[in-house]
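Inside the fold
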Amino acid sequence: MESILLIDGTEEGDLSNNPQSSEYTYTELRELGLRIYKEVWKQFYEWEPRECRQIIHALAGRRVPGERENYNKTIDQLLDPGTLQDSEMWIDSENPNQPLLVVTQFDAEGRSISYQLEIEEISVDPAFEAHPTYESCPPINQSIQNLRVHDAAAFIPYGDEEKFPVMEHLDNFESFAWEEDFDPDSEMIQIETVRRLHNVSNISITKIDRMRIFPKPLRESYNDGLLWQRFQRDFLRWPGGTEDDMEGACIEPAPDDLRERLSSVLATFCPNLNCLRTLCTTHKHPQFGSFVGGRPKVTNQSMRLSEGEPCGEECFRLTDESYMDKVYWENESDLETLKTILSISPDLFPCQLADLCFKPCREVFVQRSHIFPDNMLYDDDPAGDMESRTKNKTKKKGRKPRLIFEEDSDHAEFVPLQRSDAKAVEIRRAKHGLGAFAAEDMKPGDFIGDYVGGILTSDHVDILHHVTEYSGRNYFFEFSNVNGDEMLDAAPVGNATRFLNHAPTEKETETDLPRSDGTSRSNAELANCVAQVLLVNGEHHIGFYTTKAVARGSELLLCYGKQYWLKTGKGDNLEPFEID
C-alpha cells in the first residue's frame, strides 16, 4: 500500500515511527533540524513565485477579444488635437466673469459626450500670511520614557536638507534601524520548521532552541521571541504550512506560581502601584523578566510601635516576643507568595499582607521578621550620599539651555493635576510663532496644565544636540538644579503647555532682559504664569499656574529664566530660541 503524503511533506506514519528526541545526540538533533529547515525553505520558495504570478494575473482581470483595439482607439481620440481644443477653457461671452470648463468623456466604443463645468473662482488676499513654522507634535496627557533616543537611529532627521550635519548626528548611535534584517518569508519558514520538529519529530521546544539553527531565539520572554511573534500578525497560508498548535510553545505560569504569573503580565500592566494604565509608557519597569523590588525601609519594631487599631484578635500589634518562634508554614508556596509580595512592596503592613496571603496577621508579621530582620534594614538613599554622588558626576560639556523650575515647598493643590482639571487653552498665532491663549477668564492660582513630553536624561540631550541646534526649537525642561539629569522634552510629543511663550516677570529689570527697541513693557507683555515642580504620588510633575487674573483671549506667558538664554555656563549669549 502506497503511503499517504501529508500537506507538510511528511508521510502518514512519520509521527509514530520517529524516535523520541531523548534518543538523539546533540549532533544528530542539529543535523535533523538543518535538514528539515532546508526542506521547508525549498518548498516555500518553489511555491511563492507561482503564487505571486497567479495573483498578478488575477489582478489583470479577464481578457476580452478586441479590448486592446478599443483601448488604442480611445487613446487616439483623447490625443486628437481637435478634441483637445474643444476641452480647453471656454469663456462665456454673455458672462465673461464666469469661466467654464468643457469636459469630454469617451466610452470603450469611442463614443463621446461633452458637458460644461462651472469653475468657482477664489481670490486670495494679498496680505495673506503663511502659517508659522511648526513641527508635528502628537498630543499626549502623560510623559513617555525615552521616546526619541535609542541605541539604533530610527531615521535621519532633516535628511533632505543639505545644511543638517547628518554624519555628526549619526555618530551618536551604535547602529541604524533600517539595517536590521527582517524577512517575513523567512519567519514563516522558521515557524513551520519548528512545528514539524516539535509536532512530527517529537522534539521539545527547549531542545529545538538549543540547536541554534535560527537567528532569533524561540522564547526570549513572555512577549518576545519567534514563537511569540507568530501571534502578532496574520499567518501566511501556504500548502506547506499549517497553524497547528505546538504544545509547550506558549508557556503558561503555574497557577500557584505568583511571581511568574505577575511577571507574565508586565508587558500589559504597569507594576507601579499608582498607575492604572495598561501598556504604560511612563514608568521604568522591565517589559519581561521579574519585578524589581526595592529594599524595605520600615523595621518590624517600627511597625509594631506604630499608631493604629488592631485588625483583629490575631493582629501583629497584640503579639509579644514569645510568639516569634512558634510559627511554621508547612506549604512552601505560601512563603513564596509572601516573598513575592514583599519584593514588590516591602513596606506593606502585616494587616494588609494578611488579606493578600490569606493568613493570620501575626503569622505574616513573624515571617516578615524572618525575611527582613531589623539588623539588615537601612535607608537606601541617605542624605549624606547626595553630595558625594554630585562630586563624582562626569561634567557634561556644552550643556543645552533648558528651562529649570525649582521645587516650591508651598505646593498648590494636587487635586487639579491628578484629575487633569485644567483651564481651557487654545493655540493660535502669537507674536512669536504659535502661542497659548486663555479660552476662558482665569483667576490667580488657576491650573493651566501639566507639562508632559519625553522623559530624557542629560546623555539623551547630548545625542539630540544637532537636531535642537538645527531646528532652533528647544523644549527641554529640567525639574531643578539638583535633579539636572532628568528632564522632559516636549518637542516630539506634548500638550498645550509646550506653546507658552517667554516673557519677563515684574521683578526682572530692563537690564536683565532688555527689550530690543529699548521701550518699556506693558503688563500684557509680562509673565502671567509660573511653573511649579510637584511631587505627586512619588512622581515629579511640572504644573503651570496663573499668577494673576488673565482675561479670555489673552496670551499665557511664562518666564524661562536667564539660564535658558545662555549657551554654556560661561555666559556666552545666544540668540533666543524660537518657540512655537
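From a predicted model like this one, the values you see are computed outputs, not experimental measurements.

**Some remarks on the packing of aromatic side chains**
- Tallied over the full model, the rule gives 17 aromatic pairs.
- When the centroid spacing of 6.1 Å and the interplanar angle of 40° are considered together, the rings of Trp-47 and Trp-238 count as tilted. Here Trp-47 is found in helix H2 (residues 26-60), whereas its partner Trp-238 is found in the loop between helix H8 (226-229) and helix H9 (258-264), with 191 residues between them in sequence. Here Trp-47 matches Trp-238 in class, with each residue buried.
- With a centroid separation of 3.8 Å and an interplanar angle of 20°, the aromatic rings of Tyr-451 and Phe-477 are classed as stacked. Of this pair, Tyr-451 sits in strand S10 (residues 447-451) while Phe-477 sits in strand S12 (residues 476-478), placing them 26 residues apart in sequence.
- Ring pairing ties together the aromatic residues Tyr-37, Trp-41, Phe-44, Tyr-45, Trp-47, Phe-214 and Trp-238, which thus form one cluster.
- Over the ring of Trp-329 we find Lys-359; its NZ or CZ atom is 5.1 Å from the centre of that ring.
- Positioned above the aromatic ring of Phe-437 is the side chain of Arg-428, whose terminal nitrogen or guanidinium carbon lies 3.9 Å from the ring centre.

**Considerations on helix H6 (residues 184-200)**
- Here H6 contains 17 residues, and its C-alpha end-to-end distance of 24 Å stays within 8% of the 24 Å for a straight helix at 1.5 Å per residue.
- The element H6 is largely enclosed, with a buried count of 15 among its 17 residues.
- The N-cap residue of H6 is Asp-183: its side-chain oxygen and the backbone nitrogen of Asp-185 are 3.1 Å apart.
- Where H6 ends, the next residue or the one after it, Asn-202, has phi of about 60°, a positive value.

**Here's the deal with the confidence of the model for the chain**
- The predicted model of the chain has a mean per-residue pLDDT of 75, with 70% of residues at 70 or higher.
- Across residues 567-580, confidence stays below pLDDT 50; counting only partners more than four residues off in sequence or on other chains, it has 44 contacts.

**Quick notes on helix H13 (residues 361-371)**
- All buried positions along H13 are accounted for by Cys-361, Val-364, Phe-365, Val-366, Gln-367, Arg-368 and Ser-369.
- Tucked inside the fold, the buried residues of H13 contact helix H10 (300-305), helix H11 (332-344) and helix H12 (350-357).

**Examining a nonpolar patch on the surface**
- There is a patch of nonpolar side chains on the surface, built from Ile-113, Tyr-115 and Leu-117 and spanning about 270 Å² of accessible area.
- Mapping Ile-113 onto the fold places it in strand S3 (residues 112-118).
- When its relative accessible area of 52% is taken as the criterion, Ile-113 is described as exposed.

**Considerations on the state of the cysteines**
- In total, this model carries zero disulfides according to the counting rule given.
- With no disulfide of its own, Cys-315 lies 3.7 Å from the sulfur of Cys-311, the closest cysteine sulfur.
- For Cys-315, a relative accessible area of 0% puts it in the buried group.
- The cysteine Cys-361 is free of any disulfide, with Cys-351 supplying the nearest cysteine sulfur at 3.8 Å.
- Overall, the relative accessible area of 4% leaves Cys-361 in the buried class.

**Examining the pattern of salt bridges**
- All chains considered together, the criterion is met by nine salt bridges.
- Asp-334 is the partner of Lys-359 in a salt bridge, and the nearest nitrogen-oxygen pair spans 3.2 Å. Highlighted residues: Lys-359 in the loop between H12 and H13 and Asp-334 in helix H11, separated in sequence by 25 residues.
- What makes Asp-334 partly exposed here is its relative accessible area of 22%.
- A network of salt bridges, in which partner residues are shared, links Glu-192, Arg-195 and Arg-196.

Conventions used here
- Numbering of residues starts from 1 in every chain and runs along the sequence as written.
- It should be noted that, the model being predicted, local features are given only for residues of pLDDT at least 70 and side-chain atom pairs only at 80 or more, the latter also being counted only at that level, while totals for whole chains, interfaces and linings use all residues.
- Note that water and hydrogens are dropped before the side-chain values are worked out from all heavy atoms of the structure.
- Only Phe, Tyr and Trp rings take part, Trp by its six-membered ring, and two of them pair if their centres are within 6.5 Å. Stacked means planes under 30 degrees apart, edge-to-face means over 60, and tilted covers everything else.
- Helix and strand definitions here come from DSSP, where helices need a minimum of 4 consecutive H or I residues and strands a minimum of 2 consecutive E residues; each element is numbered from the N-terminal end.
- Each residue is assigned to one of three classes by its accessible area relative to the maximum for its type, calculated with a 1.4 Å probe on protein chains only: buried under 20%, partly exposed between the two thresholds, exposed over 50%.
- For a Lys NZ or an Arg CZ to count as sitting over a ring, it must be within 6 Å of the ring centre and within 35 degrees of the ring normal.
- Take the number of residues in a helix, subtract one, and multiply by 1.5 Å to get its expected span.
- Any N or O atom pair separated by 3.5 Å or less is treated as a polar contact, with the protein-specific requirement of one donor-capable and one acceptor-capable atom, and with residues adjacent in sequence counted only for side-chain atom pairs.
- Every residue gets a pLDDT, meaning the predictor's confidence in that residue, from 0 to 100.
- Contact definition: two residues touch when any of their heavy atoms are within 4.5 Å.
- Each patch groups residues whose relative accessible area exceeds 30% and which form no salt bridge, using 9 Å between like charges and 5 Å between nonpolar side chains of Val, Leu, Ile, Met, Phe, Trp and Tyr.
- Methods summary: accessible areas were calculated by the Shrake-Rupley approach with a probe of 1.4 Å, and residue burial reflects only the protein chains presented.
- Criterion for a salt bridge: a side-chain nitrogen of Lys or Arg within 4 Å of a carboxyl oxygen of Asp or Glu.
- Our working definition of a disulfide is a cysteine sulfur pair at a distance within 2.5 Å.

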